[in-house]
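Listed below are the residues making up each chain.
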Amino acid sequence: MTARTLTTWDIRKQDPLSIHDWGPEIDSMLEDPDDQRVVFNVDETDPRPFDAIFLGGGAAGRFGSAYMRALGGRQLIIDRWPFLGGSCPHNACVPHHLFSEAAAELMLARTFSGQYWFPDLEGKITSIKEMVDLFRAGRIAPHAIMNFQSKEQLDLEYILNAPGRIIDSHTVEVAGRVFHANNLILATGARPRPLDCPGADLHGVYTYESLVEDLDYEPGDTVVVIGGGKTAVEYGCFFQATGRRTIFVVRSQLLKLLEDGETRDYVITMMKEQGTEIWEDSLLTEVHNDGSGKVKGVTVSTPNGTEYVETDFVFHGLGEIPNSEMAADALGVKLNDDGTIVVNPQMQTSVPNVYAIGDLIGTPMEMFKARKSGMYASRHIMGEDIHYEFNEFPDFLHTHYEVSWFGIGEEEARERYGEVTIIKMPPDSEDGWEVALPATDRMMLYAFAKPRMSGFQKLIIASESRRVVGAHHVGAGARDAFQYLFQLYRKGLTIDQLAEMDELFLNPTHFIQLSRLRAGNQNLRDL
Ligand code: FAD
Ligand code: NAP
Ligand code: KPC
């Protein structure tokens with residue numbers, strides 16, 4: 001292996017780079033092995049010490065940095081990639097949203113294939129590789145924006161395209177130079193848990209990371225997906241929507257995170273009606289080699305015996321492993337059993353002056369927590385008395401639909417509160433899901449032509465206090481409302497307050513207009 005020859009590209013010594021200028025530079029550093037520049041953006045004329053070094057410039061490190069800067073502090077980000085923003089735009093959330101949008105569009109197009117203005121998709125498979133290539137070509141755009149925004153608009157200091165090495169709790173080495181700070185903030189994220197079975201390293205076995213880096217062929221007509229969490233389901237539904245036979249192999253149950261039984265039932269039933277096969281209590285035991293290093297099939301152990309599936313494409317989403325090893329070795333920070341770093345509500349680790357944020361500190365591994373934990377670490381370092389706990393939050397995932405929720409499910413609400421009032425669509429009726437409700441944004445064609453596909457929604461109210469204790473929505477376009485509705489719920493939102501709100505009909509959550517139909521009753525009744 002040839003040694004890496006590093007050159008320093010001091011971007012403070014040239015004219016500011018526009019978003020447009022950044023694109024090809026990042027592309028070259030990512031794609032050309034001979035381009036070994038270290039992006040150097042440090043104000044060496046500033047005599048102030050750094051208040052913190054952020055090791056990792058993903059969502060957590062970047063937002064923590066922006067907040068520290070806003071509070072008048074001085075920060076330095078070190079990231080091994082040539083761009084800021086981390087895994088979200090590079091291989092995680094952003095491709096997931098592209099693929100999930102494709103899944104929703106394809107479900108619509110397949111449902112109405114050959115009708116209205118839709119082309120005939122009968123028997124047609126659409127390309128997975130084309131979507132992956134589209135993403136790869138486009139991901140440079142958010143990367144360029146992040147580098148531009150961070151320097152020109154947020155005044156952040158950063159060193160990119162070189163890994164940092166922790167020396168002690170105040171010191172990091174990068175590209176042969178040593179930087180000191182009053183505090184060290186660990187923000188190195190997480191990586192996919194590998195598949196552990198014979199054949200797991202064959203060409204044709206992918207994670208969300210390797211899919212966008214390495215896919216170099218068009219997968220055949222059968223896909224096997226391992227896992228039952230958000231990653232597996234989001235990618236699996238996209239693969240299925242392209243027209244391929246898609247089998248989920250799940251060691252326990254699919255989508256256990258959906259706690260409201262009826263919502264989960266609707267979500268899974270709709271996945272099945274699209275054609276996904278769900279093999280629960282099942283384990284992939286071997287991936288088979290076609291003799292040239294490529295996948296030709298898998299063996300799955302199921303409750304009904306062993307099955308062989310012919311396929312050239314296996315995708316797994318088995319959760320995340322935190323990148324905590326260096327911090328544990330170099331600093332001895334205390335870890336949880338799963339390798340995540342233990343922090344208190346001030347984001348402090350067990351080592352003085354060392355903080356940890358983002359995916360590194362465990363679930364939920366979501367953008368809101370990455371960004372907020374970064375922000376809270378900075379606030380604490382800058383002298384604020386803060387406390388951040390993330391035990392309750394709004395949540396979402398994609399199947400072919402968008403699923404949003406907060407609070408508890410009906411089962412738990414009945415246990416906790418005794419009497420509960422349920423407001424839901426479709427209503428309990430003889431027709432069940434065949435009723436053309438909820439009729440909401442981007443569900444109208446289904447409502448008129450395939451009513452059972454028009455979504456599902458449920459509001460759960462503790463009858464005595466009249467407070468909302470859970471909200472669940474399957475459809476499209478409601479996620480936005482949920483992030484704001486959640487704040488009202490935390491403040492004790494009641495059905496009567498919901499009834500006072502002003503809906504922008506046709507509102508995707510529907511909850512306001514439905515609450516108004518019942519709020520007038522002293523004794524609440526289901527709807
Ligand atoms: P990262 O963004 O991973 O940043 C870590 C950074 O550390 C990286 O830039 C890396 O280069 C750097 N680094 C690591 N080691 C070193 C080192 N030694 N030296 C220098 N730099 C180093 N969340 C949502 O809210 N919405 C979604 O839709 C969503 N979709 C997702 C889809 C998928 C498939 C996955 C896997 C996750 C998704 N998430 C989503 C979760 C979200 O991506 C993460 O929670 C978030 O990106 C974590 O940010 P972070 O800053 O903690 O880590
Ligand atoms: P996850 O939620 O941890 O789910 C992992 C799945 O893999 C579970 O079904 C688990 O089964 C199974 N599994 C784990 N190890 C296995 C093994 N050795 N063999 C077989 N099955 C195994 O992981 P994820 O879906 O990858 O998500 C990771 C994190 O990223 C989560 O915090 C998630 O919230 C976040 N994320 C967010 C989004 C989003 O849209 N917001 C998207 C993707 C990921 P059991 O249930 O039996 O344990
Ligand atoms: C463009 C976009 O918002 C997706 S990538 C976000 C990375 S960061 O702003 O650092 O959280």
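One can find the structure itself at the top, above this paragraph.
Residues numbered from 1 in each chain as written. Chains lettered and ligands numbered in written order. Predicted model: local features only at pLDDT ≥ 70, side-chain atom pairs only at ≥ 80, totals over all residues. Heavy atoms only, no water.

(A) Region of interest: the site of ligand 2. Taken together, 19 residues surround ligand 2, and among them Gly 228, Glu 234, Arg 251, Ser 252 and Glu 366 come closest. In this structure, Glu 234 approaches ligand 2 through a side-chain N or O atom, which is 2.9 Å from an oxygen atom. When ligand 2 is considered free in solution it has 920 Å² of accessible area, and contact with the protein chains removes 74% of it. Sort the elements by how many residues they give to the shell around ligand 2 and helix H8 (residues 230-241) lands first, with 3 residues. (Near = heavy atom within 4 Å. Polar contact = N/O pair within 3.5 Å; in protein donor to acceptor, adjacent residues only side chain to side chain. Areas by Shrake-Rupley, 256 points an atom, 1.4 Å probe, with all protein chains shown as cover. Helix = DSSP H or I, 4+ residues; strand = E, 2+ residues; numbered from the N terminus.)

(B) Up close: the site of ligand 1. In the vicinity of ligand 1 lie 32 residues, with Asp 79, His 97, Gly 164, Asp 359 and Met 367 positioned nearest. With respect to ligand 1, the backbone of Ala 187 contributes an N or O atom lying 3.4 Å from an oxygen atom. Residue Met 365 places a main-chain N or O atom 3.4 Å away from an oxygen atom belonging to ligand 1. Out of a free accessible area of 1000 Å², ligand 1 has 93% covered by protein chains. Going through the elements one at a time, helix H2 (59-70), strand E4 (75-79), helix H3 (87-90), helix H4 (93-111), H8 and helix H11 (367-381) are the ones with two or more residues in the shell around ligand 1. Take the shell around ligand 1: its biggest share by element is 3 residues, from H4.

(C) Representation of the side chain of Lys 458 within the structure. Structurally, Lys 458 is set in strand E23 (residues 456-462). Its relative accessible area of 1% is what places Lys 458 among the buried residues. A polar side-chain atom of Lys 458 sits 3.1 Å from a polar atom in the side chain of Asp 260. For Lys 458, the side chain forms a polar contact with the side chain of Glu 262, separated by 2.7 Å. Other than its neighbours up to four places away in sequence, Lys 458 contacts Asp 260, Glu 262, Glu 410, Ile 422, Ile 423, Lys 424, Gly 470, Ala 471, His 472 and Phe 511. (Buried < 20%, exposed > 50% of the residue type's maximum accessible area, 1.4 Å probe, protein only. Contact = heavy atoms within 4.5 Å.)

(D) Representation of the sheet that holds strand E10 (residues 205-206). One open sheet holds the 5 strands; their spatial order is E10-E17-E11-E12-E13, and the pairing between them is parallel. In the strand order of this sheet, the two ends are held by E10 and strand E13 (277-279), each with one partner. As paired strands, strand E11 (residues 222-226) and strand E12 (residues 245-249) are joined by 5 bridges and run parallel to one another. Looking across to E12, one finds that Thr 222 is bridged to Arg 245. (Pairing = 2+ DSSP bridges.)

(E) Structural view of helix H16 (residues 511-519). When we look at burial in H16, the residues that qualify are Phe 511, Ile 512, Leu 514, Ser 515, Arg 518 and Ala 519. Seen along its axis, H16 keeps its buried residues to an arc of 165 degrees; they face one direction. Among the structural elements, strand E22 (420-425), E23, strand E24 (467-475), helix H14 (479-490) and helix H15 (495-500) are those in contact with the buried residues of H16. (Arc of directions from axis to C-beta.)

(F) Structural context of the packing of aromatic side chains. Tallied over the full model, the rule gives 27 aromatic pairs. Look at Phe 368 and Phe 393: their rings are 5.4 Å apart centre to centre, the planes differ by 40 degrees, and that puts the pair in the tilted class. Of this pair, Phe 368 sits in helix H11 while Phe 393 sits in the loop between H11 and strand E20 (395-398), placing them 25 residues apart in sequence. Aromatic ring contacts, followed pair by pair, group Phe 99, Tyr 206, Tyr 217, Tyr 235, Phe 238, Phe 239, Phe 313 and Phe 315 into a single cluster. (Phe/Tyr/Trp six-rings, centres within 6.5 Å; stacked < 30°, edge-to-face > 60°.)

(G) The arrangement of the environment of Thr 509 in detail. Looking at the element boundaries, Thr 509 is found in the loop between H15 and H16. A sequence separation of 51 residues divides Thr 509 from Lys 458, and the C-alpha atoms of the two residues are 9.2 Å apart. Residues contacting Thr 509, with those up to four places away along its chain left out, are Gln 457, His 473, Ala 478, Ala 481 and Phe 482.

(H) Examining the side chain of Thr 340 more closely. Structurally, the position occupied by Thr 340 is in the loop between helix H10 (325-331) and strand E19 (354-356). In terms of polar contacts, Thr 340 uses its side chain to reach the side chain of Asp 338, at 2.6 Å. Apart from residues lying up to four places away in sequence, Thr 340 is in contact with Pro 322, Lys 334, Leu 335, Leu 360, Ile 361 and Gly 362.

(I) Highlighting the packing of H4 against helix H5 (residues 129-138). Across the interface, H4 lies against H5 with an axial gap of 10 Å and an inter-helix angle of 140 degrees. Classified by the interaxial angle, the pair formed by H4 and H5 is oblique. The hand of the H4/H5 crossing is right-handed. Across the interface between the two elements, Val 94, Pro 95, Leu 98, Phe 99 and Ala 102 of H4 pack against Met 131, Val 132, Leu 134 and Phe 135 of H5. Class assignment of the residues belonging to the contact of H4 with H5 gives a composition of 9 nonpolar, no polar and no charged. (Axes fitted to C-alpha atoms, helices over the stretch in contact; angles between N-to-C directions. Parallel < 35°, antiparallel > 145°, perpendicular 65-115°, else oblique. Left-handed = near helix turned anticlockwise from the far one by under 90°. Nonpolar A, V, L, I, M, F, W, Y, C, P; charged D, E, K, R; others polar.)

(J) View of the nonpolar core. By size, the foremost hydrophobic cluster in this structure holds 60 residues, and its most contacted members are Trp 22, Phe 179, Leu 184, Leu 186 and Met 347. In contact with Trp 22, not counting residues within four places along its chain, are Trp 9, Ile 11, Leu 17, Val 39, Ala 144, Asn 147, Phe 148 and Tyr 158. Ala 109, Val 132, Cys 237 and Tyr 446 belong to the second-largest nonpolar core, a separate cluster that totals 52 residues. (Core = buried A, V, L, I, M, F, W, Y, C linked by side-chain atoms within 4.5 Å.)

(K) Expanded view of the pairing of strand E1 (residues 7-10). Relative to strand E2 (residues 37-41), E1 runs parallel, the two sharing 4 bridges. Along E2, the bridge assignment pairs Trp 9 with Val 39. Between the parallel elements E1 and E2, the chain passes through helix H1 (residues 19-31) in a crossover that is right-handed. (Right-handed = clockwise from strand over helix to strand, strands pointing away.)

(L) Spatial organisation of the pairing of strand E7 (residues 171-174). By the alternation rule, side chains of E7 split into Thr 171 and Glu 173 and Val 172 and Val 174, which are all buried. Here strand E6 (residues 164-168) runs beside E7; their pairing, made up of 4 bridges, is antiparallel. When the bridges of E7 are listed, Ile 166 appears paired with Val 172. In this structure, the hairpin formed by E6 and E7 is closed by a connection of 2 residues. With 4 bridges joining them, E7 and strand E8 (residues 177-186) adopt antiparallel strand pairing. In the strand pairing of E8, Val 174 is matched with Arg 177.

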